[in-house]
Amino acid sequence: MALDKRAMIGARIAKEFEDGDYVNLGIGLPTEAANHIPEGIQVIFQSENGLLGAGPKPPEGQEDEDMINAGGGYITCIPGASFFDSATSFAIIRGGHIDATVLGALQVDQNGNLANWLIPGKMVPGMGGAMDLVTGAKKVIVAMEHCDKYGNAKILKQCSLPLTAKGKVNLIITDMAVIEVLPDGLYLREIAEELTIDDVVNATEADLIIPERVITF
Amino acid sequence: MALDKRAMIGARIAKEFEDGDYVNLGIGLPTEAANHIPEGIQVIFQSENGLLGAGPKPPEGQEDEDMINAGGGYITCIPGASFFDSATSFAIIRGGHIDATVLGALQVDQNGNLANWLIPGKMVPGMGGAMDLVTGAKKVIVAMEHCDKYGNAKILKQCSLPLTAKGKVNLIITDMAVIEVLPDGLYLREIAEELTIDDVVNATEADLIIPERVITF
Amino acid sequence: MVQVISATEAAAMVKPGSRIAIGGFLAVGAPETIIDAMVENENNNLHMIVIASDWENRGVGKLIVNRMVTSAQVSHMGTNKTIQAQMNAREIEIELIPQGTLMERVRAFGAGLGGILTPTGLGTIVEEGKQIISIEGVDYLLEPAIPSDFALIKAHKADKLGNLTYRKTARNSNPIMAMAGRITIAEVDEIVEIGELDPEEVITPGVFVNYLVLAKEN
Amino acid sequence: MVQVISATEAAAMVKPGSRIAIGGFLAVGAPETIIDAMVENENNNLHMIVIASDWENRGVGKLIVNRMVTSAQVSHMGTNKTIQAQMNAREIEIELIPQGTLMERVRAFGAGLGGILTPTGLGTIVEEGKQIISIEGVDYLLEPAIPSDFALIKAHKADKLGNLTYRKTARNSNPIMAMAGRITIAEVDEIVEIGELDPEEVITPGVFVNYLVLAKEN
């Protein structure tokens with residue numbers, strides 16, 4: 001993905017966080033959000049391998065072998081951090097103590113279903129912590145490119161890939177749009193500058209509900 | 001109970017422990033065992049409120065308000081002790097990590113059933129940790145006077161009081177006898193000095209299996 | 001993010017009819033300052049989730065003698081005759097729960113689990129009305145999670161993010177209760193700056209804590 | 001009471017066909033010294049319980065590439081193509097388990113529970129063949145405890161009673177795996193005298209630990 005698209009999505013994700021929120025960012029695109037937290041807002045990042053208060057990558061040469069995030073990358077921790085075991089980590093996640101999780105997606109559908117862990121016949125990486133995160137976080141945000149690399153829609157009427165969790169997605173943030181998932185369907189809330197509502201509708205297989213007010217981001 | 005009887009029972013209980021055993025002693029008579037651990041044997045006592053390595057009562061005036069045992073009495077801790085929360089404490093107990101627990105009894109029967117927490121119509125203290133201890137400890141030792149204060153048998157064919165756990169008792173140590181509970185019944189292993197086997201049989205309602213060899217203790 | 005409030009503010013938050021999990025074991029590690037404020041505030045009609053009912057003049061016993069508790073899930077009541085009398089007079093409804101089961105049921109709620117399977121209580125009156133589930137030929141009781149609206153706990157130190165440490169056997173049920181409150185209020189001996197607690201020594205991460213109350217001096 | 005043994009002795013203890021829970025997350029906090037000794041010793045036909053299959057040259061990945069593992073309960077295999085190839089060739093049988101569920105199932109065994117009820121996996125292929133239990137109108141999957149014959153873990157310091165501390169994110173699954181082995185062997189960076197660890201800083205009490213192995217220097 002182009003750098004400006006990543007930054008745009010990251011900045012838009014970051015707006016979802018309130019001061020003091022505990023947030024878990026999935027690997028890849030979601031981590032971009034950490035670079036766009038507004039000044040005056042403190043967000044505490046969880047790493048599900050057992051850390052609250054994950055900080056940025058250490059300077060080269062200062063890596064600590066025992067300090068990694070859930071993606072295996074070296075990290076630091078902020079003042080006020082805490083370490084705990086994996087069962088406690090997932091008690092935090094599944095118990096509804098994380099304010100928001102942001103994950104990538106292969107597909108998401110108009111019932112809030114998410115598929116992001118398995119393409120049958122391809123590599124089987126395993127679900128890792130994704131199923132618990134999507135099941136337990138107070139707010140589940142999907143962050144992804146609106147269409148796949150072939151231009152196919154990823155926001156569907158119904159996911160065709162194996163699900164990560166059923167009916168748990170609250171918000172979809174893409175390079176084209178911000179879509180809220182409510183019990184009666186997908187509400188188009190925001191579109192990217194220079195796009196029309198029709199552009200988004202045409203790139204989306206799912207039915208979109210278009211409210212009177214759709215703003216740009 | 002007379003002091004010498006308490007000491008006798010306590011000393012006999014202590015013989016059940018091996019070097020390095022983790023042991024949980026119930027309140028009352030079982031705690032007497034701690035005074036009789038043979039030299040060269042280290043037994044580590046658990047207090048189910050969250051301590052491994054419970055030590056003796058502190059000298060008067062040196063009590064720490066935050067250091068109590070499961071009976072509410074002030075204690076100390078030994079070098080190598082550890083503190084943990086109550087869920088971990090009962091994970092240790094129920095998970096089979098405690099080598100032996102010693103508890104008092106109202107009744108015990110020939111199927112290894114134990115009743116020690118409730119006399120209907122009287123005070124209801126609650127089972128506290130007793131049910132978990134009897135269910136989870138590797139070896140469950142009942143320590144009590146052989147008969148109640150009216151001279152009635154407490155070792156019965158079948159408990160009449162509400163059970164603490166079903167079929168979990170391994171050994172009964174009283175002022176009169178040491179009785180092993182095996183799947184086919186109660187084996188009289190030892191009798192107190194100056195008693196005859198008939199004395200024990202007459203003070204016991206349950207059927208006792210009398211092996212060829214019964215020693216004195 | 002945590003907010004520091006007074007014990008009176010904490011007590012006012014706990015509405016009549018609330019389900020409250022309270023930390024401590026025989027009053028050691030009990031949030032006495034908050035309990036005193038609740039007595040003052042006359043919070044009533046409470047459902048209480050505790051290991052023990054403590055003594056009449058210490059710990060949650062004070063809530064009992066002031067008739068503020070109408071039901072309780074509890075493991076041990078042997079040190080408090082008032083709760084026994086109230087139970088016999090049917091003024092309070094009691095569910096007696098083995099201590100290990102109680103801790104797991106409370107933890108389950110905090111951990112987002114629906115319940116646990118335990119062998120404890122099989123073949124006793126504890127199994128009455130409960131589902132028995134067999135796993136690989138071994139029977140277990142299905143014990144559901146215990147929800148609580150508020151967890152009132154006592155810790156030793158807190159930093160301003162709500163990270164908590166405990167002291168000796170005053171830890172007991174507190175870290176478990178802390179996980180399980182929809183709102184968790186921690187009474188602490190001392191509040192330190194962010195960064196003063198070693199990340200390794202934190203027992204309850206701040207994510208579980210909503211409010212801090214400073215304990216009154218003894 | 002714990003005994004200090006060599007990694008070779010530890011490896012020899014783990015018989016072919018054993019169920020082994022191994023601590024670590026993407027090889028951080030993995031007991032590398034014991035794993036190397038197992039490769040040397042050619043322990044095989046193992047059933048492995050791990051969060052992740054790590055890398056071919058780090059952590060449990062070394063057991064995979066040496067074809068010592070015939071079945072595994074695992075949450076993440078994205079960093080190890082060999083295990084994927086072995087799975088596709090039906091040389092290894094894989095049960096994929098959500099990470100939180102895996103940790104609770106392992107903990108359940110260590111804690112003497114038969115299993116837990118979790119919402120995770122509902123409506124996905126994880127629910128296939130599993131019992132769904134409804135508590136107060138909410139559905140949960142019944143997930144049974146996962147037993148292990150051996151737990152092989154990595155801690156930072158141990159005292160001679162087997163009390164353990166960990167270091168930073170190398171803690172991860174280790175304290176949970178430690179609870180759950182019928183025999184638990186802890187590889188540690190340092191063994192200190194009894195009394196040198198503060199009772200408040202102990203994360204895994206020695207009661208869970210049977211053997212200590214000193215880690216080889218990096």
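Everything quoted here is computed from the prediction, not taken from an experiment.

Rules used throughout
- Residues numbered from 1 in each chain as written.
- Chains lettered and ligands numbered in written order.
- Predicted model: local features only at pLDDT ≥ 70, side-chain atom pairs only at ≥ 80, totals over all residues.
- Heavy atoms only, no water.
- Contact = heavy atoms within 4.5 Å.
- Buried area = accessible area lost by both parts, 1.4 Å probe.
- Salt bridge = Lys/Arg side-chain N within 4 Å of Asp/Glu carboxyl O.
- Polar contact = N/O pair within 3.5 Å; in protein donor to acceptor, adjacent residues only side chain to side chain.
- Helix = DSSP H or I, 4+ residues; strand = E, 2+ residues; numbered from the N terminus.
- Pairing = 2+ DSSP bridges.
- Axes fitted to C-alpha atoms, helices over the stretch in contact; angles between N-to-C directions.
- Core = buried A, V, L, I, M, F, W, Y, C linked by side-chain atoms within 4.5 Å.
- Buried < 20%, exposed > 50% of the residue type's maximum accessible area, 1.4 Å probe, protein only.
- pLDDT = per-residue confidence, 0-100.
- Right-handed = clockwise from strand over helix to strand, strands pointing away.

**Re the interface of chain A and chain C**
Counting residues at the interface gives 20 residues for chain A and 19 residues for chain C. Interface area, chain A with chain C, both sides summed: about 1,600 Å², of which 64% is carbon and sulfur. On the chain A side of the interface with chain C, the three residues burying the most area are Gly80, Phe83 and His97 of chain A, jointly 30% of the side's total. There are 0 salt bridges connecting chain A and chain C. Viewed at the interface, chain C and chain A are joined by 5 residue pairs in polar contact (both at pLDDT 80 or more). Sorting elements by how many residues they give to the side of chain A that touches chain C places helix 2 (residues 86-94) of chain A first, with 6 residues.

**Digging into the sheet that holds strand 7 (residues 114-115) of chain A**
Backbone hydrogen bonds hold the strands of a sheet together, and the pairing may be parallel or antiparallel. Residue and element names in this part refer to chain A. If you walk across this open sheet you meet the 3 strands as 7-6-9, and the pairing is mixed. Of all the strands in the sheet, just strand 7 and strand 9 (155-156) have a single pairing partner and so form its edges. As paired strands, strand 6 (residues 107-109) and strand 7 are joined by 2 bridges and run antiparallel to one another. Directly across from glutamine 107, in strand 7, lies its bridge partner alanine 115.

**Description of the sheet that holds strand 6 (residues 115-118) of chain C**
The strand order 7(C)-8(C)-6(C)-6(D)-8(D)-7(D) describes an open sheet built from 6 strands, whose pairing is antiparallel. Both outer strands of the open sheet, strand 7 (132-135) of chain C together with strand 7 (132-135) of chain D, are each paired with one neighbouring strand and no more. Direction aside, the axes of adjacent strands within the sheet are offset by 35° on average.

**Some details on the nonpolar core**
Formed by 149 residues in total, the largest nonpolar core has its most connected members in Ile172 of chain A, Ile172 of chain B, Leu164 of chain C together with Leu164 of chain D. With residues up to four places along the chain from it excluded, the contact list for leucine 164 of chain C reads Ile153, Ala155, Lys157, Ala158, Ala186, Val188, Val202, Ile203, Thr204, Val209 and Leu212 of chain C.

**Comments concerning the side chain of glutamate 190 of chain A**
Residue and element names in this part refer to chain A. Here glutamate 190 lies in strand 12 (residues 185-191). A distance of 2.7 Å separates a polar atom in the side chain of glutamate 190 from a polar atom in the side chain of arginine 12. The contacts of glutamate 190, once residues within four sequence positions are left out, are Arg12, Met176, Ala177, Val178, Val214, Ile215 and Phe217.

**Topic: unusual backbone geometry**
Despite not being glycine, alanine 27 of chain C shows a phi value in the positive range, around 75°. Structurally, alanine 27 of chain C is set in the loop between strand 2 (19-22) and helix 2 (32-41).

**Comments concerning the confidence of the model for chain C**
Per-residue confidence for chain C gives a mean pLDDT of 97; residues scoring 70 or more make up 100%. Predicted as a complex, the structure gets a pTM of 0.98 and an ipTM equal to 0.97.

**Concerning helix 2 of chain A**
All names here are of chain A. The buried fraction of helix 2 amounts to 8 of the 9 residues, a majority that puts the element mostly inside the structure. Here helix 2 has its buried residues at Ser86, Ala87, Ser89, Phe90, Ala91, Ile92, Ile93 and Arg94. Just downstream of helix 2 lies glycine 96, where phi reads positive at about 80°.

**Quick look at the interface of chain D and chain A**
Each side of the interface is counted separately: chain D has 38 residues, and chain A has 35 residues. The contact between chain D and chain A buries some 3,000 Å² in all, and 64% of this surface belongs to carbon and sulfur atoms. Of the charged contacts in the structure, one is a salt bridge between lysine 168 of chain D and aspartate 64 of chain A, with a shortest N-O distance of 3.2 Å. The interface formed by chain D and chain A holds 18 residue pairs in polar contact (both at pLDDT 80 or more) in total. Those elements that provide at least two residues to the side of chain D that touches chain A are strand 4 (69-76), helix 4 (81-88), helix 5 (99-110) and helix 6 (174-180) of chain D.

**Structural notes on the pairing of strand 5 (residues 93-96) of chain C**
Residues and elements named next belong to chain C. Of the pairings in the sheet, the one linking strand 4 (residues 69-76) to strand 5 comprises 4 bridges and is parallel in character. Looking at the pairing, valine 74 lines up with leucine 96 of strand 5. Since strand 4 and strand 5 lie parallel, the crossover through helix 4 (residues 81-88) that links them has a hand, and here it is right-handed.

**Structural notes on the environment of isoleucine 203 of chain C**
Residues and elements named next belong to chain C. Its location among the elements puts isoleucine 203 in the loop between strand 11 (181-192) and strand 12 (211-214). Taking the relative accessible area as the measure of exposure, isoleucine 203 reaches 24% and is therefore partly exposed. For the pair isoleucine 203 and glycine 100, spaced 103 residues apart in sequence, the C-alpha separation works out to 20 Å. Once residues within four sequence positions are removed from consideration, isoleucine 203 is found in contact with Leu164, Tyr166, Arg171 and Pro175.

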